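# Coordinates in review
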Amino acid sequence: MKEVLGWDIGGVNTKAARATGTRVLTARAVPYEIQRDPAALAPLLHRLGRELGARPGDPHGVTAVDGGWRTADEARRDPLAVAAANWAATARLVARRYPDCILIDVGSTTTDIVPIVGGVSAAVGRTDPERLREQELVYTGVLRTPAEAIAATVPLGGRPTGVSAEGFALAGDVHVWRGQLAPRDYSVPTPDGRPVTRELAGERLARVVCGDREMLDEAAIDAIAAALWDAQVARIAAAVGQARRRHPALTLAVVTGLGDFLAAEAARRAALRVAHLAAALGPAARHAPAAAVALLLATELATKPVPA
């Protein structure tokens, strides 16, 4: 059976997956901020393709908003049809298994919330500005979100305390401190340039209130991290609640992404049952859009040819 590659080229990460039939063979993600060095994209794609075992003549697919397939020339003529469309590929794949659900994908930077009704995406927005407006795209993620963008205050000595706005700590520090994210998954530079360890994550969190570990003990850092965790979950849950109000019959959330643990808690707060996409995709669920487009293309090729 022919192997295919699926690509998810995002603003800060590029992800790729190789699949055959209904099985993802391998998937990878590489941190890469395209706005900082656009010329590095092509070499990165070549290298990542080789690492995944791509061969000459293998079909490649990228995400498209409407779930259809376009040639490269068609995509160039209508770039908005394929721009910022990774959520659409995941939703289309999820809809095959869970025809009525709310998809919640928490990545390193953002959260996608996509209602699926009758096996079809019921998203209101298509572009990122529209999705932000409709709360189907929430700018909070498991790694890159600065602490001051999560909450305006955190507890210190039992009292609400304002936070610094200096980029001293990221969401990744919260989740490493709490043991919900492995240090190896903290794939972005730390704010202070020091390594990713629980102890150093605690030092960065102390700086959120302009303190240090000589001033703040473990219990104080626990309280700061818990408050930031709660605020992040609450924000996602509020957006999920908006989707539920539009589709009150939906009672199931399908969660995925590096931050699926955040998605699961937000879903529970929104009174939804939870299913993990990783149960079906395994580790590739962390790279769900790339895995999804690879699986969708593999299925398409098994039934009819796709233009090159």
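Anything mentioned here points back to the structure above.
Conventions we followed
Residues numbered from 1 in each chain as written. Predicted model: local features only at pLDDT ≥ 70, side-chain atom pairs only at ≥ 80, totals over all residues. Heavy atoms only, no water. Pairing = 2+ DSSP bridges. Helix = DSSP H or I, 4+ residues; strand = E, 2+ residues; numbered from the N terminus. Buried < 20%, exposed > 50% of the residue type's maximum accessible area, 1.4 Å probe, protein only. Contact = heavy atoms within 4.5 Å. Axes fitted to C-alpha atoms, helices over the stretch in contact; angles between N-to-C directions. Parallel < 35°, antiparallel > 145°, perpendicular 65-115°, else oblique. Nonpolar A, V, L, I, M, F, W, Y, C, P; charged D, E, K, R; others polar. Core = buried A, V, L, I, M, F, W, Y, C linked by side-chain atoms within 4.5 Å. Polar contact = N/O pair within 3.5 Å; in protein donor to acceptor, adjacent residues only side chain to side chain. Phe/Tyr/Trp six-rings, centres within 6.5 Å; stacked < 30°, edge-to-face > 60°.

### What to know about the pairing of strand 3 (residues 23–31)
- Across eight bridges, strand 2 (residues 13–20) lies against strand 3 in antiparallel orientation. Each residue of the ladder has a partner; that of asparagine 13, found in strand 3, is proline 31.
- In textbook terms, the turn of a hairpin is the stretch between consecutive antiparallel strands, and for strand 2 and strand 3 this stretch comprises two residues, one of which, glycine 21, has a positive phi near 60°.

### Some details on the environment of proline 146
- With respect to the helices and strands, proline 146 occurs in the loop between strand 8 (137–138) and strand 9 (153–156).
- Exposure remark for proline 146: the relative accessible area of 30% places this residue in the partly exposed category.
- For the pair formed by proline 146 and alanine 171, sequence separation is 25 residues and the distance between their alpha carbons is 6.2 Å.
- Proline 146 has contacts with Ala169 and Leu170, leaving out every residue within four places of it along the chain.

### Digging into the pairing of strand 9
- The pairing of strand 9 with strand 10 (residues 159–162) spans four bridges and is classified as antiparallel. Paired with leucine 156 across the bridge in strand 10 is arginine 159.
- Hairpin connection, strand 9 to strand 10: the antiparallel pair is bridged by two residues, and glycine 157 has positive phi, about 60°.

### Things to note about the environment of proline 183
- Here proline 183 lies in the loop between helix 5 (171–177) and helix 6 (198–207).
- It is 9.1 Å that separates the C-alpha atoms of proline 183 and aspartate 173, two residues lying ten residues apart in sequence.

### Some remarks on the sheet that holds strand 1 (residues 3–9)
- Spatial ordering of the open sheet is given by 3-2-1-4, a layout of four strands whose pairing is mixed. The outermost strands of the open sheet, each flanked by one partner alone, are strand 3 and strand 4 (60–62). Geometrically, the sheet is characterised by an average inter-axis angle of 20° between neighbouring strands, direction not taken into account.
- Helix 1 (residues 41–51) rests against strand 1, strand 2 and strand 3 of the sheet, and its axis sits at about 145° to strand 1.
- Of the strands in this sheet, strand 1, strand 2, strand 3 and strand 4 are in contact with helix 10 (residues 288–303), which crosses strand 1 at around 145°.

### Remarks on the packing of helix 6 against helix 7 (residues 218–246)
- Running from N to C, helix 6 and helix 7 point in directions that differ by 75°, and their axes come no closer than 10 Å. The orientation of helix 6 relative to helix 7 falls into the category roughly perpendicular. In this structure, helix 6 contributes Arg198, Gly202, Leu205 and Ala206 to the contact, and helix 7 contributes Glu218, Ile221, Asp222, Ile224, Ala225 and Leu228.
- A class-by-class count of the residues in the contact of helix 6 with helix 7 yields six nonpolar, one polar and three charged.

### Remarks on the nonpolar core
- Of all hydrophobic cores here, the largest spans 50 residues; its most connected members are Ile104 and Leu228.
- Secondary structure elements with two or more residues in this core: strand 5 (101–106), helix 5, helix 6, helix 7, strand 11 (252–256) and helix 8 (260–269).
- Element by element, the count of residues in this core is highest for helix 7, at twelve residues.
- With residues up to four places along the chain from it excluded, the contact list for isoleucine 104 reads Thr111, Asp112, Ile113, Ile236, Val240, Ala253, Val254, Val255, Thr256, Ala263 and Ala267.
- The next biggest cluster of nonpolar side chains, apart from the first, holds 34 residues, and it includes Val4, Ala88, Ala89 and Ala298.

### Points about the side chain of threonine 140
- Mapped onto the elements of the fold, threonine 140 is located in the loop between strand 8 and strand 9.
- Here the side chain of threonine 140 touches glutamine 232 through a polar contact of 2.9 Å, side chain to side chain.
- Setting aside its immediate chain neighbours within four residues, threonine 140 contacts Thr109, Thr110, Thr111, Thr145, Gln232, Arg235 and Ile236.

### So, the packing of aromatic side chains
- Taken as a whole and judged by the stated rule, the model has one aromatic pair.
- A centroid spacing of 6.4 Å and a plane angle of 15° characterise the contact between tryptophan 229 and phenylalanine 261, whose relative ring orientation is stacked. Taken together, the residues span a long stretch of sequence, with tryptophan 229 in helix 7 and phenylalanine 261 in helix 8 at a distance of 32 residues. Comparing tryptophan 229 with phenylalanine 261 shows no difference in burial state: the two are buried.

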